[in-house]
Amino acid sequence: SMPGLTNISVTVEFQRGGKTVYVGSTFAGYIGLPTAMRPGGWSVSCNSRFNHGVDLLNNIDSAKKGGKTIGLMVRGMLEGCATYDDAIVALNTTRVIAPAYYTVAGTQPKQGAVVTRDREGPDESRGEGIWSIGDGTKAPGEWWRLETNWDHWTVITDGRRQAANKAMAGIGQDFVDLGAMEKLLATPPVLADDTVYTALIWPSGSVYQSTVRTHSAAASVEA
């Protein structure tokens, strides 16, 4: 987060032949998309991965080898990937400049995952680089996946992650909807002081809602 981003946050629809192909949140003057949805297909929210520090030399090296910025990779995926499965394959195979987290959702049951990326592909150091709903891995809940800028396999010491997981369990699978998610993401400590905007995304319903925060969560959750 940087000062002033709330003043230049925009939601943009990209159309072809008068029809919206994809929609996302970005910043005026930036052509990439850190948060976006392909209506009826899939959605993605990107978050920074800082737990190994910022390694500028390796970032530069990856760029020289053809690595993409996060926002431009997402733009390319939205153009070329019609489905959730297509998007997951792209996240497996595209070199990026810097590590990041990608929270991805589709339109079918169990189509939700947090992808923990290194520069070359998913971080499989623990065999959970693609942390999918219903994949049998240990998780606070079987029907959701939640990310707050930390590797999900680390010990939970992040107050935002603890609070968000507790809230998800309290909502329950039968009662989760956009209203419940808005309340969760708008409540501290899940709502961090430096959050720029909150996006509520429902790919199968083609719903995309973005709210700019005056001091606002880099938390992303797919259910």
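Residues numbered from 1 in each chain as written. Predicted model: local features only at pLDDT ≥ 70, side-chain atom pairs only at ≥ 80, totals over all residues. Heavy atoms only, no water.

Trainee: What is the right way to read the overall build of the chain from this model?
Mentor: Looking only at helices and strands, one finds five helices and eleven strands in the chain. A globule of 223 residues ought to have a C-alpha radius of gyration of about 17 Å, and the chain, at 16 Å, matches this closely. Here the C-alpha coordinates of the chain stretch approximately 45 × 45 × 35 Å along the principal axes. Put simply, the chain has 223 residues, and 48% of those count as buried. As displayed, the chain offers around 11000 Å² of accessible surface, 55% of which is attributable to carbon and sulfur atoms. The chain carries 20 positive and 22 negative side-chain charges, and their two centres are separated by 3 Å. (Helix = DSSP H or I, 4+ residues; strand = E, 2+ residues; numbered from the N terminus. Rg over C-alpha atoms; globule rule 2.2 N^0.38 Å. Buried < 20%, exposed > 50% of the residue type's maximum accessible area, 1.4 Å probe, protein only. Areas by Shrake-Rupley, 256 points an atom, 1.4 Å probe, with all protein chains shown as cover. Lys, Arg positive; Asp, Glu negative; His and termini not counted. Charge placed at Lys NZ, Arg CZ, Asp CG, Glu CD.)

Trainee: Any chance you could explain the pairing of strand E3 (residues 35-38) here in plain terms?
Mentor: Consecutive residues of a regular strand have side chains that alternate between opposite faces of the sheet. Alternating positions in E3 separate into two faces, Thr-35 and Met-37 on one and Ala-36 and Arg-38 on the other, with burial throughout. Strand direction decides the pairing type here: strand E2 (residues 19-27) and E3, joined by three bridges, are antiparallel. The residue of E3 that forms the bridge with Gly-24 is Ala-36. Direction of pairing for E3 relative to strand E4 (residues 42-48): antiparallel, over a ladder of four bridges. (Pairing = 2+ DSSP bridges.)

Trainee: Help me understand the packing of aromatic side chains, please; the structure alone is not making it clear to me.
Mentor: In this description, an aromatic ring pair is defined by two values, namely the gap between the centres and the angle between the planes. Considering all chains together, one arrives at three aromatic pairs under this definition. Arranged with centres 6.2 Å apart and planes meeting at 55 degrees, the rings of Phe-27 and Tyr-197 form a pair that is tilted. One end of the pair, Phe-27, is in strand E2; the other, Tyr-197, is in strand E9 (residues 197-202), with 170 residues separating them in the sequence. Judged by relative accessible area, Phe-27 falls into the buried class, the value being 16%. The interplanar angle of 75 degrees and the centroid separation of 4.9 Å between the aromatic rings of Trp-143 and Trp-144 together place this pair among those described as edge-to-face. Assessed through its relative accessible area of 16%, Trp-143 is described here as buried. For Trp-144, a relative accessible area of 4% translates into the label buried. (Phe/Tyr/Trp six-rings, centres within 6.5 Å; stacked < 30°, edge-to-face > 60°.)

Trainee: Help me out: how do you make sense of unusual backbone geometry in this one?
Mentor: In terms of backbone geometry, most residues other than glycine have negative phi values and most peptide bonds are trans. Omega for the peptide link from Pro-188 to Pro-189 comes to 0 degrees, which places this bond in the cis form. Assignment of secondary structure puts Pro-189 in the loop between helix H5 (178-185) and E9. Phi at Lys-110 is positive, roughly 70 degrees, even though this residue is not glycine. Despite not being glycine, Ser-206 has its phi angle at roughly 55 degrees, a positive value.

Trainee: Looking at this model, I keep getting lost on the sheet that holds strand E7 (residues 130-132). Mind explaining?
Mentor: The pairing of strands in a sheet comes from backbone hydrogen bonds and takes either a parallel or an antiparallel form. With respect to topology, seven strands assemble into an open sheet ordered E1-E2-E3-E4-E5-E6-E7, the strand pairing being antiparallel. A single partner strand is all that each edge strand has here, and the edge strands are strand E1 (9-16) and E7. Direction aside, neighbouring strands of the sheet carry axes that sit 15 degrees apart on average. In this fold helix H2 (residues 70-80) packs onto E1, E2, E3, E4, strand E5 (100-105) and strand E6 (112-117), with an angle of close to 5 degrees to the strand it touches most, E3. (Axes fitted to C-alpha atoms, helices over the stretch in contact; angles between N-to-C directions. Contact = heavy atoms within 4.5 Å.)

Trainee: Which parts of the structure should I look at to understand the confidence of the model for the chain?
Mentor: For any part of a model where pLDDT is low, the fine detail of the predicted coordinates should not be relied upon. Averaged over all residues, the pLDDT of the chain is 90; the fraction at 70 or higher stands at 94%. E3 holds the highest mean pLDDT among the elements of the chain, 98, whereas strand E11 (residues 220-222) holds the lowest, 54. (pLDDT = per-residue confidence, 0-100.)

Trainee: Whenever I open this one, the nonpolar core confuses me. Can you help?
Mentor: It is characteristic of soluble globular proteins that their nonpolar side chains tend to be buried jointly. One finds Trp-42, Val-74, Met-77, Tyr-102 and Val-104 to be the most contacted residues of the largest nonpolar core, which totals 23 residues. With near-sequence residues (within four places) excluded, Val-74 lies in contact with Leu-33, Ala-36, Val-44, Cys-46 and Tyr-102. (Core = buried A, V, L, I, M, F, W, Y, C linked by side-chain atoms within 4.5 Å.)

Trainee: Looking at this model, I keep getting lost on helix H4 (residues 159-171). Mind explaining?
Mentor: Working note: α-helix, 3.6 residues per turn, so residues spaced by three or four point in the same direction. With 13 residues, H4 should reach 18 Å at 1.5 Å per residue; the first-to-last C-alpha distance of 18 Å fits that figure. The opening residue of H4 is Asp-158, an N-cap whose side-chain oxygen sits 3.0 Å from the backbone nitrogen of Arg-160. Positive backbone phi, at 85 degrees, marks Gly-172, one or two positions downstream of H4. (Expected span 1.5 Å × (residues − 1). Polar contact = N/O pair within 3.5 Å; in protein donor to acceptor, adjacent residues only side chain to side chain.)

Trainee: Would you take a moment to explain the pairing of E2 for this structure?
Mentor: Across the nine residues of E2, seven count as buried, placing the element largely inside the fold. Sheet analysis places E1 next to E2, joined by eight bridges and oriented antiparallel. Within E2, the residue paired with Ser-9 across the bridge is Phe-27. Where E1 folds back onto E2 in an antiparallel hairpin, the turn is made up of two residues, including Gly-17, whose phi is positive at roughly 65 degrees.

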